[in-house]
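A closer look at the structure
Listed here are the chains, written in short residue letters.
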Amino acid sequence: MVEHFAVNGGARLSGAVDVVGAKNSVLKLMAAALLAEGRTTLENCPEILDVPLMADVLRSLGCAVAIEGSTVHIDVPADPGAEADYRSVSKLRASVCVLGPLVARCRRAVVPLPGGDAIGSRPLDMHQNGLRKLGATTDIVHGSVTATAGDLHGAQIWLDFPSVGATENILMAAVLAEGTTVIDNAAREPEIVDLCVMLQQMGAKLEGVGSSTLTVHGVEGLQPTTHRVIGDRIVGATWAFAAAMTRGEVTVRGVDPHHIDLVLDKLRSAGAEITTAEQEFSVAMTGRPEAVDFVTLPYPGFATDLQPMAIALSAVADGTSMITENVFEARFRFVDEMVRLGADARTDGHHAVVRGRPELSSAPVWASDIRAGAGLVLAGLCARGTTEVWDVAHIDRGYPRFVENLSALGADIRRVAGEPER
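Residues numbered from 1 in each chain as written. Predicted model: local features only at pLDDT ≥ 70, side-chain atom pairs only at ≥ 80, totals over all residues. Heavy atoms only, no water.

As recorded in an unreviewed UniProt entry, the protein goes by UDP-N-acetylglucosamine 1-carboxyvinyltransferase and comes from Pseudonocardia tropica. Taken from UniProt, the Function (unreviewed entry) comment for the protein reads in full: "Cell wall formation. Adds enolpyruvyl to UDP-N-acetylglucosamine." (UniProt positions renumbered as here; feature names shortened; annotations may be inferred.)

**Some points on the side chain of threonine 296**
Within the secondary structure, threonine 296 sits in the loop between β17 (294-295) and α10 (307-315). Polar contacts involving the side chain of threonine 296 include one to the main-chain amide nitrogen of asparagine 326, which spans 2.9 Å. Not counting residues up to four positions away in its chain, the partners in contact with threonine 296 are Phe302, Ala303, Thr304, Gln307, Thr324, Glu325, Asn326 and Val327. (Helix = DSSP H or I, 4+ residues; strand = E, 2+ residues; numbered from the N terminus. Polar contact = N/O pair within 3.5 Å; in protein donor to acceptor, adjacent residues only side chain to side chain. Contact = heavy atoms within 4.5 Å.)

**Overview of the pairing of strand β14 (residues 249-253)**
Side-chain alternation along β14 places Val250 and Val252 on a buried face and Glu249, Thr251 and Arg253 on a face that remains uncovered. Inspection of the sheet shows strand β2 (residues 14-18) paired to β14 by 5 bridges, in the parallel sense. The residue bridging aspartate 18 from the neighbouring strand is arginine 253, located in β14. Alignment of β14 against strand β16 (residues 280-284), held across 5 bridges, turns out to be antiparallel. Pairing of glutamate 249 across the sheet is with alanine 284, part of β16. (Buried < 20%, exposed > 50% of the residue type's maximum accessible area, 1.4 Å probe, protein only. Pairing = 2+ DSSP bridges.)

**Description of the sheet that holds strand β9 (residues 156-158)**
As summarised here, the arrangement of the 4 strands in space is β9-β10-β12-β11, forming an open sheet in which the pairing is mixed. At either end of the open sheet lies a strand with only one pairing partner, and these are β9 and β11 (205-207). The average angle at which neighbouring strand axes cross in this sheet is 15°, direction not considered. Inspection of the sheet shows strand β10 (residues 180-184) paired to strand β12 (residues 213-217) by 5 bridges, in the antiparallel sense. Looking across to β12, one finds that isoleucine 183 is bridged to leucine 214. (Axes fitted to C-alpha atoms, helices over the stretch in contact; angles between N-to-C directions.)

So, in structure tokens, the structure goes:
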């Protein structure tokens, strides 16, 4: 059934919201379970569409997966399959992270090129190059990434860009390789650290966790484990932007505020009052936000996933902001939808210039990806009238209980069934 969110602008968000496990972590942890025979249990998992989609990918490899609310049990056989099912893989980008574990466990992998969000090209060259350094032979054949290996051995690997996906796949292959692997210019995101913590619980030997140089001492085998997923910093930051945009006061619980230090600093510059504690923070804004500039960069820089929220904030800020996108080139398609809401925004290559207005105007808009959808809802909260946000299945993939959480904070939003009138 086709659904959209109907958002009535003008509400001031107030209250507290709990954030559960990170989407960008749980899917990779589910893939990591393939590295050990037996039952791995993940706790604090978000109840989002991508979790059952990844469960289907694992089932296609012979695993038994049980989802019980926020807990996921994964039973991995002694000999998992090496060929992932196209129908399952095609539905989400993160499914490519089974490549590294399958090469490590099975010495063979066939993973169809994945689908997911429309935010630009995300080539797998670095994934393949890293696996080749470890001794695998890889290619793309009939629309699938294929890899075979006799013995995997340690290697010195330099990443041209600190790619999260490449770091994860190379790391998960290297933990069962013979010898020592050094990954230079590795991604440093908190979700990478979360994966490393789980791998260490399984028996992996790692050094440099959280730094740009990861050292992996290969072991003969790993054991299943129970692991709690870290809080979703992107969801937490989304609520922070929502508080600032609506001149509200919101406490976010379940996220390490240090994981979004730069976000909170930007909101301080915009005029928000920020307080932090262990695993929670609060954002209070009494007046109109001041314009600030944003530049997306790999962690610890400003996350590209939050670029739509930065543009939405800039659209209602006092002054002119420049937003520079350095990670995914197609994220700026979101700007076209913001213009439909009355935003004064222009793009030129990697840059967007946004001149803030006191208020936006409602319109029907379409979400092109998870974060664009959330950004459009936040913009709708600051628009006159009722904004219809369509293609909300994207939002459901990344934000558990999105409508319910916003409603609890005072937003006037509801989920509506029915076809759009284009």
